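In case you want the letters, here they are:
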2 protein chains.
Amino acid sequence: MKTLVIVAHPDYEESTTQRFFRNSLLEFKDITWEQLDTDFEVEHERELLTDVDRVVLQFPLYWYSAPALMKSYLDEVFTYSYALGSKNSMRGKQLAIVVTTGDPEHDFQAGAREHFTMSELLRPFEAMAAKMGMEYMTPFIVYQFAYKTEIEQELLLIDYQRYITGDNNDSFKGKEAWYDQRLYTKIEKTADDDRKLSLDGIRQVLRTNMDTLDELDWALRMMKNDDGEE
Amino acid sequence: MKTLVIVAHPDYEESTTQRFFRNSLLEFKDITWEQLDTDFEVEHERELLTDVDRVVLQFPLYWYSAPALMKSYLDEVFTYSYALGSKNSMRGKQLAIVVTTGDPEHDFQAGAREHFTMSELLRPFEAMAAKMGMEYMTPFIVYQFAYKTEIEQELLLIDYQRYITGDNNDSFKGKEAWYDQRLYTKIEKTADDDRKLSLDGIRQVLRTNMDTLDELDWALRMMKNDDGEE
């Protein structure tokens, strides 16, 4: 699956969060990281969009919406003749939104400081996806990245990688399959034999776990079926 | 009451709707019409906002939100240090939104073509007003202006004038008081004695109507009170 991550951050150089995200994607070949600048070229942007399966709009929340730079991109690249009408260039692709905010998650609800949920505030993007015939993915919201501990940040990066690269299967089984695939790729690439062996060990443990879970799942379903027949 | 109308239209010269709106406000002295250009100056914009009671953001709907130019204005003028924090320059002012769209009103609802209501799509502006301590006025939405008949357009312009200049009292009584005030101003300004007389005649009819309605309203309330006492 080919993915294009379009990043609009008015102060990108200063943003440790965005650099964290970028570095976490470097290992994936099918991902293009496009950092927008005020002088972006519409034709170039459209070239990048060709043959892409998933489009990620990534930005910090500015006045409960995208920064002006991202809005310029949407207004100028997704014109009627390009994105709608007979061309309808974005139809069938996925639209993913990654939003960072310095405010805490519990502020975004009725009666709280920000009054509205993120789902409500991002309605314009949901409506846009529907209009262009795109599949709207559940947005990935990062609250107060800077306040997180190092371990919390690492865990969040793994979730971010899965969001950008994954098949959008958020079940436990989906996560395991994703880790298994990534371990396999890592083992293939590793030159150091000792490291290869230890990674392979980890993968075996994971696979055994997966098999055990499969058996439990099967047993559980059998029990349910028996109940149903009584 | 001092009002500032901030207009962001990427193609202002071509927009008959915006010119219609502008012309309808020329007679009002307390209204400043500020047509944004890409090279607007933050300090100048902030000067215009000083001592203003009502701020109107007026724009065509682009991807279910404001065009990039309006977003630039919001991002750059309403910074934390200016609009929030200890300065909190916008606190107590009213925020009004005037949106034009080429799509019909019935498309903006669940299950219809645009999926969401205008109230939902404009949540980011509502949240922004709350954050800055502004009073959020019910937005004024203009659907398919170009498709309206001349008479429909004229009536809409009167509603628009009332929205921009009025006290936000949308009752029938509020409308009458507003017309009475405007007729009074017109009569004062008219040099032609015949025209003065005819305008005064219209005003007398309106006032008689207002009195009759007042009496009916009073009688109705008495009847309700009697019912309550039975």
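The rules behind the values
Residues numbered from 1 in each chain as written. Chains lettered and ligands numbered in written order. Predicted model: local features only at pLDDT ≥ 70, side-chain atom pairs only at ≥ 80, totals over all residues. Heavy atoms only, no water. Axes fitted to C-alpha atoms, helices over the stretch in contact; angles between N-to-C directions. Helix = DSSP H or I, 4+ residues; strand = E, 2+ residues; numbered from the N terminus. Parallel < 35°, antiparallel > 145°, perpendicular 65-115°, else oblique. Contact = heavy atoms within 4.5 Å. Buried < 20%, exposed > 50% of the residue type's maximum accessible area, 1.4 Å probe, protein only. Pairing = 2+ DSSP bridges. Right-handed = clockwise from strand over helix to strand, strands pointing away. Core = buried A, V, L, I, M, F, W, Y, C linked by side-chain atoms within 4.5 Å. Polar contact = N/O pair within 3.5 Å; in protein donor to acceptor, adjacent residues only side chain to side chain. Buried area = accessible area lost by both parts, 1.4 Å probe. Salt bridge = Lys/Arg side-chain N within 4 Å of Asp/Glu carboxyl O. Nonpolar A, V, L, I, M, F, W, Y, C, P; charged D, E, K, R; others polar. Patch = residues over 30% accessible without salt bridge, like charges linked within 9 Å, V, L, I, M, F, W, Y side chains within 5 Å. Areas by Shrake-Rupley, 256 points an atom, 1.4 Å probe, with all protein chains shown as cover. Lys, Arg positive; Asp, Glu negative; His and termini not counted. Charge placed at Lys NZ, Arg CZ, Asp CG, Glu CD. 1 Å grid on protein atoms, 1.4 Å probe; cavity = no way out; pocket = protein on both sides within 12 Å on 5 of 7 lines; lining within 4 Å. Points joined across faces, edges and corners; volume = space filled by probe spheres on them. Least-squares fit on C-alpha atoms with pLDDT ≥ 70 in both.

Draft legend 1. Here's a closer look at the packing of helix α2 (residues 42–49) of chain B against helix α3 (residues 68–77) of chain B. Residues and elements named next belong to chain B. At a closest axis distance of 10 Å, the pairing of α2 and α3 adopts a crossing angle of 85°. By the angle class used here, α2 and α3 are roughly perpendicular. Where α2 abuts α3, its residues Val42, Glu45, Arg46 and Leu49 lie against Tyr73, Glu76 and Val77.

Draft legend 2. Region of the structure containing the environment of Ile187(A). Residues and elements named next belong to chain A. Along the chain, Ile187 turns up in helix α8 (residues 172–189). Ile187 sits in the buried class, given a relative accessible area of 8%. Distance in space between the C-alpha atoms of Ile187 and Thr79 is 45 Å, their sequence separation being 108 residues. The contacts of Ile187, once residues within four sequence positions are left out, are Lys196, Leu199, Asp200 and Arg203.

Draft legend 3. Layout of the pairing of strand β1 (residues 3–7) of chain B. Residues and elements named next belong to chain B. Summarising burial for β1: 5 of the 5 residues are buried, a large majority. Side-chain alternation along β1 places Thr3, Val5 and Val7 on one buried face and Leu4 and Ile6 on a second face that is also buried. The sheet contact formed by β1 and strand β2 (residues 31–35) spans 5 bridges and is parallel. Within β2, the residue paired with Val5 across the bridge is Trp33. Crossover β1 to β2 through helix α1 (residues 16–25) is right-handed. As judged from the 5 bridges shared by β1 and strand β3 (residues 54–60), these two strands associate in the parallel manner. Bridge pairing in β3 places Val7 opposite Gln58.

Draft legend 4. Quick look at the nonpolar core. By size, the foremost hydrophobic cluster in this structure holds 80 residues, and its most contacted members are Leu57(A), Tyr73(A), Phe78(A), Leu57(B), Tyr73(B) and Phe78(B). Ignoring any residue separated from it by four or fewer positions in sequence, one finds Tyr73(A) in contact with Ile6(A), Leu36(A), Phe40(A), Glu45(A), Leu49(A) and Phe78(A).

Draft legend 5. Local environment of the pairing of strand β4 (residues 94–101) of chain B. Residues and elements named next belong to chain B. Within β4, 8 of the 8 residues are buried, which leaves the element mostly enclosed by the surrounding structure. Side chains Gln94, Ala96, Val98 and Thr100 project from β4 onto one buried face, and the interleaved Leu95, Ile97, Val99 and Thr101 project onto a second face that is buried too. Pairing analysis gives 7 bridges linking β3 to β4, with the strands arranged parallel. Bridged to Arg54 within β4 is Gln94. Inspection of the sheet shows β4 paired to strand β5 (residues 135–136) by 2 bridges, in the parallel sense.

Draft legend 6. Inspection of the side chain of Arg46(A) at higher detail. Residue and element names in this part refer to chain A. Looking at the element boundaries, Arg46 is found in helix α2 (residues 42–49). Separated by 3.5 Å, the side chain of Arg46 and the backbone oxygen of Glu76 make a polar contact. Apart from residues no more than four positions distant in its own chain, Arg46 is found in contact with Glu76, Val77, Thr79 and Tyr82.

Draft legend 7. Broad picture of the interface of chain A and chain B. Between chain A and chain B, the residue contacts involve 29 residues of the former and 29 residues of the latter. Roughly 2,400 Å² of surface becomes buried between chain A and chain B when both sides are summed, with 65% attributable to carbon and sulfur atoms. Of all residues in chain A, Trp63(A), Lys71(A) and Lys131(A) give up the largest surface area on contact with chain B, accounting jointly for 30% of the area buried on that side. Viewed at the interface, chain B and chain A are joined by 4 salt bridges. Across the pair Glu120(B) and Arg123(A) runs a salt bridge, and its minimum N-O distance is 3.7 Å. Along the contact surface separating chain A from chain B lie 12 residue pairs in polar contact (both at pLDDT 80 or more). Elements represented by at least two residues in the side of chain A that touches chain B include exactly α3 (68–77), α5 (118–121) and α6 (123–132) of chain A. If you tally residues by element for the side of chain A that touches chain B, the top one is α6(A), at 8 residues. Grouping the constituent residues of the side of chain A that touches chain B by class yields 17 nonpolar, 3 polar and 9 charged.

Draft legend 8. How the structure looks around a positive patch on the surface. Taken together, Lys29(A), Lys186(A), Lys189(A) and Arg195(A) make up a surface patch of like positive charges. Judged by relative accessible area, Lys29(A) falls into the exposed class, the value being 80%.

Draft legend 9. Spotlight on empty space enclosed by the protein. By the definition in use, this model includes 2 cavities of 30 Å³ or more. By volume, the largest cavity is sized at about 60 Å³. As for the largest cavity, its lining consists of Ser65(A), Ala66(A), Lys71(A), Leu74(A), Pro124(A), Phe125(A), Met128(A), Trp63(B) and Ser65(B). Broken down by secondary-structure element, the contributors of at least two residues to the lining of the largest cavity are α3 and α6 of chain A. Top contributing element to the lining of the largest cavity by residue count: α6(A), with 3 residues. Taken as a whole, the second largest cavity holds about 50 Å³ of empty space. Along the walls of the second largest cavity sit Trp63(A), Ser65(A), Ser65(B), Lys71(B), Leu74(B), Pro124(B), Phe125(B) and Met128(B), which together make up its complete lining. For the lining of the second largest cavity, the element with the highest residue contribution is helix α6 (residues 123–132) of chain B, accounting for 3 residues.

Draft legend 10. Spatial organisation of the relation of the copies chain A and chain B. By a simple turn and slide, chain A fits onto chain B: the slide is 0.2 Å along the axis, the RMSD is 0.2 Å, and the turn is 180°. When the rotation and shift are considered jointly, the pair of chain copies conforms to a two-fold rotation axis. Within chain A, the C-alpha atom positioned nearest to the axis of rotation is that of Ala68(A), 2.6 Å from it. Both copies present the same face, since 100% of the interface residues in chain A are matched by interface residues at the equivalent positions in chain B.

Draft legend 11. Geometry of the pattern of salt bridges. In this structure the tally under the stated criterion is 14 salt bridges over all chains. Through salt bridges with shared partners, a single network forms among Glu120(A), Arg123(B) and Glu126(B).

Draft legend 12. Seen up close, the environment of Met70(B). Residues and elements named next belong to chain B. Among the structural elements, Met70 can be located in helix α3. Sequence spacing of Met70 and Asp37 is 33 residues, and the spatial spacing of their C-alpha atoms is 9.5 Å. If sequence neighbours within four positions are ignored, Met70 has contacts with Ile6, Ala8, Leu36, Leu57, Gln58 and Phe59.

Remember that the coordinates give geometry; whether it matters functionally is a separate question.
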